[in-house]
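Structural overview for review
Okay, here's what each chain looks like letter by letter:
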Number of protein chains: 2
Amino acid sequence: MNQPPTTGRRRRLKVRRVAIDTYRENVAYLHRDCAVYRAEEFRALSKIEIRNGRHRILAVLNVVDDDAIVARDELGLSDPTFAHLGAAPGAPVDVGHPVRPVSMDAVRRKIAGERLDQHAFDQIVADIAANRYSKPEIAAFIVATVQNELDRDEILYLTRAMVGSGERLDWQEPLVADKHCIGGIPGNRTSLLVVPIVAAHGLLIPKTSSRAITSPAGTADTMEVLADVELKIADLRRIVRRHRGCIAWGGTARLSPADDVMISVERPLGIDSQGQLVASILSKKVAAGSTHLLIDIPVGPTAKVRHMRDAQRLRKLFEYVGDQLGIHLEVIITDGRQPIGNGIGPVLEARDAMRVLQGDPAAPADLRQKALRLAGRIIEFDPDVRGGQGFTIARDILDSGRALAKMHAIMAAQGAPRHAYAPARRTFDMTSPRAGTVTGIDNLQLARIARYAGAPAAKGAGVDLHRKLGDRVRRGEPLYRVYAEFAADFRFARELCLQDSGYTIGNEADVPAGFA
Amino acid sequence: MNQPPTTGRRRRLKVRRVAIDTYRENVAYLHRDCAVYRAEEFRALSKIEIRNGRHRILAVLNVVDDDAIVARDELGLSDPTFAHLGAAPGAPVDVGHPVRPVSMDAVRRKIAGERLDQHAFDQIVADIAANRYSKPEIAAFIVATVQNELDRDEILYLTRAMVGSGERLDWQEPLVADKHCIGGIPGNRTSLLVVPIVAAHGLLIPKTSSRAITSPAGTADTMEVLADVELKIADLRRIVRRHRGCIAWGGTARLSPADDVMISVERPLGIDSQGQLVASILSKKVAAGSTHLLIDIPVGPTAKVRHMRDAQRLRKLFEYVGDQLGIHLEVIITDGRQPIGNGIGPVLEARDAMRVLQGDPAAPADLRQKALRLAGRIIEFDPDVRGGQGFTIARDILDSGRALAKMHAIMAAQGAPRHAYAPARRTFDMTSPRAGTVTGIDNLQLARIARYAGAPAAKGAGVDLHRKLGDRVRRGEPLYRVYAEFAADFRFARELCLQDSGYTIGNEADVPAGFA
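Presented here is an overview of the structure given in this document. Remember, it's a predicted structure, so these values are computed and weren't measured experimentally.

Summing up its helical and strand segments, chain A has 17 helices and 19 strands in all. Taking 24 Å as the expected radius of gyration for a compact globule of 516 residues, we find that chain A reaches 25 Å, a close match to that expectation. Dimensions of chain A along its principal axes, counting C-alpha atoms only, are 75 × 50 × 45 Å. Per-residue burial for chain A yields a buried fraction of 57% across its 516 residues. Residue pairs at least 24 apart in sequence account for 80% of intrachain contacts in chain A once pairs closer than 6 positions are excluded.

For the rest of this paragraph, the subject is the relation of the copies chain A and chain B. Placing chain A over chain B gives an RMSD of 0.1 Å and needs a rotation angle of 180 degrees, together with 0.0 Å of translation along the axis. Taken together, these values place the two copies in the relation of a two-fold axis. For chain A, the minimum C-alpha distance to the rotation axis belongs to Pro136(A) and amounts to 2.1 Å.

In this complex, chain A contributes 57 residues to the contact, which on the side of chain B involves 57 residues. Of all the elements in the fold, those that place two or more residues in the side of chain A that touches chain B are strand S2 (20-21), strand S5 (55-64), helix H2 (104-111), helix H4 (135-147), helix H9 (257-269), helix H16 (443-452) and helix H17 (487-499) of chain A. It is H4(A) that provides the largest number of residues to the side of chain A that touches chain B, a total of ten residues. Within the side of chain A that touches chain B, the residues separate by chemical class into 29 nonpolar, 13 polar and 15 charged. Here S5(A) runs beside strand S2 (residues 20-21) of chain B; their pairing, made up of two bridges, is antiparallel. Among the inter-strand pairings, Val63(A) is bridged to a residue of S2(B), identified as Asp21(B).

On to the packing of helix H5 (residues 152-164) of chain A against helix H11 (residues 308-324) of chain A, then. Residue and element names in this part refer to chain A. Interhelical geometry of H5 versus H11 gives an angle of 55 degrees and a closest axis separation of 10 Å. Taken together, H5 and H11 sit at an angle that is classed as oblique. Here H5 and H11 pass one another in a crossing that is right-handed. Within the contact between the two elements, H5 uses Arg152, Ile155, Leu156 and Thr159 and H11 uses Leu317, Tyr320, Val321 and Gln324. Among the residues forming the contact of H5 with H11, the class breakdown is five nonpolar, two polar and one charged.

It is worth spelling out the sheet that holds strand S13 (residues 343-344) of chain A at this point. Residues and elements named next belong to chain A. Spatially, four strands are ordered S13-S16-S18-S14 in an open sheet, and the strand pairing comes out antiparallel. The sheet terminates laterally at S13 and strand S14 (426-431), the two strands that pair on one side only. Contacts from H17 reach S14 and strand S18 (478-484), with the element oriented near 155 degrees to S18.

Moving on: unusual backbone geometry. Residues and elements named next belong to chain A. In this model, Ala455 is joined to Pro456 through a cis peptide bond whose omega is 5 degrees. With respect to the secondary-structure elements, Pro456 resides in the loop between H16 and strand S16 (462-465). The backbone of Asn131 shows a phi angle near 65 degrees, a positive value even though the residue is not glycine. On the secondary structure map, Asn131 appears in the loop between helix H3 (118-129) and H4. Owing to 18 C-beta atoms within 10 Å, Asn131 belongs among the partly exposed residues under this scheme.

What follows concerns the sheet that holds strand S12 (residues 328-335) of chain B. Note on sheets: strands pair through backbone hydrogen bonds, and any given pair is parallel or antiparallel. All names here are of chain B. Ordered in space as S8-S11-S12, the three strands form an open sheet in which the pairing is parallel. The open sheet has two free edges, formed respectively by strand S8 (177-181) and S12, since each of these has just one partner strand. Pairs of neighbouring strands in the sheet enclose a mean axial angle of 20 degrees, with direction left out of account. The sheet contact formed by strand S11 (residues 292-299) and S12 spans eight bridges and is parallel.

Before going further, it helps to spend a moment on the environment of Phe318(A). Residues and elements named next belong to chain A. With respect to the secondary-structure elements, Phe318 resides in helix H11. Residues Phe318 and Ala365 lie 47 residues apart in sequence; the distance between their C-alpha atoms is 29 Å. When residues no more than four places from it in sequence are discounted, the contact partners of Phe318 are Val278, Ile295, Leu329 and Val331.

All names here are of chain B. With respect to the helices and strands, the residue Pro206 is situated in strand S9 (residues 205-209). Along the chain, Pro206 and Ser264 lie 58 residues apart, while their C-alpha atoms are 25 Å from each other. If we skip the residues at most four places from it in the chain, Pro206 touches Trp171, Val176, Leu236, Val240, Gly245 and Cys246.

Residue and element names in this part refer to chain B. For the pair helix H5 (residues 152-164) and helix H10 (residues 274-287), the least separation of the axes is 8 Å and the interaxial angle reads 40 degrees. Viewed along their axes, H5 and H10 adopt a mutual orientation that is oblique. When the axes of H5 and H10 are compared, the crossing they make is right-handed. In this structure, H5 uses Glu154, Ile155, Leu158, Thr159, Met162 and Val163 to contact H10, whose residues at the interface are Gly275, Val278, Ala279, Leu282, Ser283, Val286 and Ala287.

Right, let's get into helix H8 (residues 233-243) of chain A. Residue and element names in this part refer to chain A. By the burial criterion, the buried members of H8 are Leu236, Ile239, Val240 and His243. Projection of H8 onto a plane perpendicular to its axis shows the buried side chains occupying an angular sector of 95 degrees, all on one side. Residues Ala234 and Arg242 are exposed on H8 and point more than 90 degrees away from its buried face. Residues of H8 that are buried sit in contact with helix H6 (191-201), strand S9 (205-209), strand S10 (245-249) and helix H15 (402-414). Looking one or two residues past H8, Arg244 carries a phi angle of roughly 70 degrees, positive in sign.

For the rest of this paragraph, the subject is helix H16 (residues 443-452) of chain B. All names here are of chain B. With respect to burial, H16 is a largely interior element, eight of its ten residues being buried. Every buried residue of H16 is listed here: Asn443, Leu446, Ala447, Arg448, Ile449, Ala450, Arg451 and Tyr452. Of the surrounding elements, those touching the buried residues of H16 are strand S13 (343-344), strand S15 (436-441), strand S16 (462-465), strand S18 (478-484) and helix H17 (487-499). Gly454 sits one or two positions beyond H16 and adopts a positive phi of about 125 degrees.

Residue and element names in this part refer to chain A. Relative to strand S17 (residues 472-473), strand S15 (residues 436-441) is paired through two bridges, and the arrangement is antiparallel. Across the sheet, residue Thr437 finds its bridge partner in S17, namely Arg472. Sheet topology note: the S15/strand S19 (residues 503-506) ladder contains four bridges and is antiparallel. For Thr437, the partnering residue across the bridge sits in S19 and is Gly506.

Moving on: the pairing of S9(A). All names here are of chain A. Most of S9 is tucked away: five of the five residues are buried. Covered by surrounding structure in S9 are Ile205, Lys207 and Ser209 together with Pro206 and Thr208, the residues of both alternating faces. As judged from the five bridges shared by S9 and S10, these two strands associate in the parallel manner. Each bridged residue has a counterpart across the sheet, and for Thr208 the counterpart in S10 is Ala248.

Rules used in this analysis
Residues numbered from 1 in each chain as written. Chains lettered and ligands numbered in written order. Predicted model: local features only at pLDDT ≥ 70, side-chain atom pairs only at ≥ 80, totals over all residues. Helix = DSSP H or I, 4+ residues; strand = E, 2+ residues; numbered from the N terminus. Rg over C-alpha atoms; globule rule 2.2 N^0.38 Å. Buried ≥ 20, exposed ≤ 12 C-beta atoms within 10 Å, placed from the backbone. Contact = placed C-beta atoms within 7 Å. Least-squares fit on C-alpha atoms with pLDDT ≥ 70 in both. Nonpolar A, V, L, I, M, F, W, Y, C, P; charged D, E, K, R; others polar. Pairing = 2+ DSSP bridges. Axes fitted to C-alpha atoms, helices over the stretch in contact; angles between N-to-C directions. Parallel < 35°, antiparallel > 145°, perpendicular 65-115°, else oblique. Left-handed = near helix turned anticlockwise from the far one by under 90°. Arc of directions from axis to C-beta.

Laid out in structure tokens, this is it:
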């Protein structure tokens, strides 16, 4: 493929910030009667290239007929686009045909069924990280990797390429522990327990986590209820050195930036690719400096992984790629039949976690049990701990109050939350239509209800489960309570609940068997 | 998959047109401090649904911090979005979570390797035509059909679904002729010759054609130099009844609207799918009311189809689907080694066609020859014409001046062009770096140069070839002349030419063999 030229121009436009938030998409605004360029010239292009000196970004072009938005000698940039370019208002820019990403040739080869090598993945990932792919191009790459499935070496190449696309943290210690759940189970906020337990034991566990994309809460969203999570890297290092752990938002470091771009397209498509999943998780963890990693794969009829055979296959992939990358990796397959804990949504999940730490009798037993199990396995990464002793050590740390003390220390070090949060004011209860036993709770539907109710943007919004699998319930007794901050969300969520509560009430004999 | 509710709201926003042209994308603008909705509420959604009474459209949401663009009680809509909704300024609208297209389930099944039935294709195509798919979702569907290749029955289902997604013309005659070239060969503007020849013979040939998407000229762009092409359906009918033919833009009729949506994503991706190609072409032709269709498949090293075996496979697909749809279809495989004629770009191509019609000695012989061959085959659709006589009849019509007279009649009936067009003012010649014979002309590069020079938006812009395959050339003699209207285009095109002229100069013995 030929590379169109992208040389400079003599005539230039002045940059103007347009107060429109185009979210993840770069958008530029050109006046229809622009003094320098004809708007039509760029019409056939999916993107244009904007240059300020040596700095270049790509953007979708919109043509404007309103001098109030952009003048004839200006190039308007939406909020995020303006931030990406990093030029001062009024700075000179020129506009040109973008260099088409050469690596799309490799994507087309993958679509045609070829196996790609490390070089091809390096090129693709670098172009994606540099925002050179349009969303349809990213979708094409993702679907290509689903259909002509990535073999395990291709997954390794993809992971390495993703690590190489961004920054990499180095904690200067031989053992840096971390855990990751592949997701899909609402309320599964074990990190808020595992980190203080493991850190109290003395292992280093600097947890950087993400915000929710399509789920009702990410670990960062939930921790934000208890402490500040937007920390500078230097502060993060200081806190971790002092307290052996942290629970912070990972977005301040540029860790595997290509992953963020790909996920923003992949999640809304609802397409699952085991290869993309493994590369996504491991690239983030390797870039975050982890040396010892515990992966949690929940299995259940409405979990991300629905059959044990798929979980085993996924486990092998994690192990293979982890070994090749030189990290110590273990996989644990857990019960994903229903949400973990009671709360779904940042405030309600933070409440559950604090109740477990505080030894509150109202604390959800399943969350406590799962956190101890995970923390125990991580503690066994410690060469001084005898195999099989981790769970007991973790339980002692939790029951002695040392985990709570550690959590308070970490919260204090990270700083107070930027706002005070409480459960949302508007509530309604979903009640059981008949007497019986809870035989099914749909993870996807409960997550959807919590999102409609406003989580995670409204931190106090969400769902609080009053009944779990196997619990008996009488007709008219509440199954769960929905919390919403805003009237519109309240209506949206209630309509969704009435359509499908997410609960199945049946006979005790029909409760599906768990395992593990 | 559950269908989120999309019920009405009591509180409403007022519609406002925002003078931003977002081209093929619907975009809505909501103030960050909107009085009715929280902007964050919709952040996780790829699209929102906007409702004005029973009319609903989907749009991407942008959040605005500038009261001059949109006020707190307004919902701004970009130009095309405002037109799509069709509400008056200030009309009340509400905003909600969109119904997710159910048919994405079928796309995911296709990705997983399943064969889809007619019902699944009907659902997918209806959702695409209703603009319910995001661009990444469309890309996912396209890639899925490339990788898990559509079998011929699936192509038939897709074609039928696409025909069903829009309007259908009925010319009330038993024989409605048409031709279509699968594209990729610059300058291949045979329709401007075939239509007047065939119409002069007396067959009905109502040609509706498209504008260029990624090429330097479409038939509609070129005809627009000679006559008005944006005709109302009623006028089209009147002209065709009177003159037996027309050459008009097909965009005024809603023929296979899903095709336009898919092509807008597929072309920039540069992904070729034989199934999509067959469905795209045949759905447009069946919707346009054609009963007899000639398909031209050019083959050459830089054509869309590069090997004879691929052309034969494509031919079988066209024949199978055409037969099932009940249209009489013939396929002709032609020489696609180089551009046809001399001009590339609307004005230059129109000039070539008129020179052939006028019997001008400067007329390009290859364009004349190809047009006669195609016209001859179409004339043989006439039951009164003996097999093998079509070419002679076509040549007699052309050489007698009857084709020119017919073209003048059609041009007059369609009306004068809306502007006067001439070759662009800025020109430069690309000269041969050495003496030798032209052994290769890269269709893709020449098309790209013409586009960079400004075609088709600048109708006078483009490339005029002075040498074709097998021609001898001396060092410093011009290979072609580039025409540009604007200084920026001029520079862009020249830089691209200097990087790669698109011509190979070698020995006479190395001229690739043609065929057909």
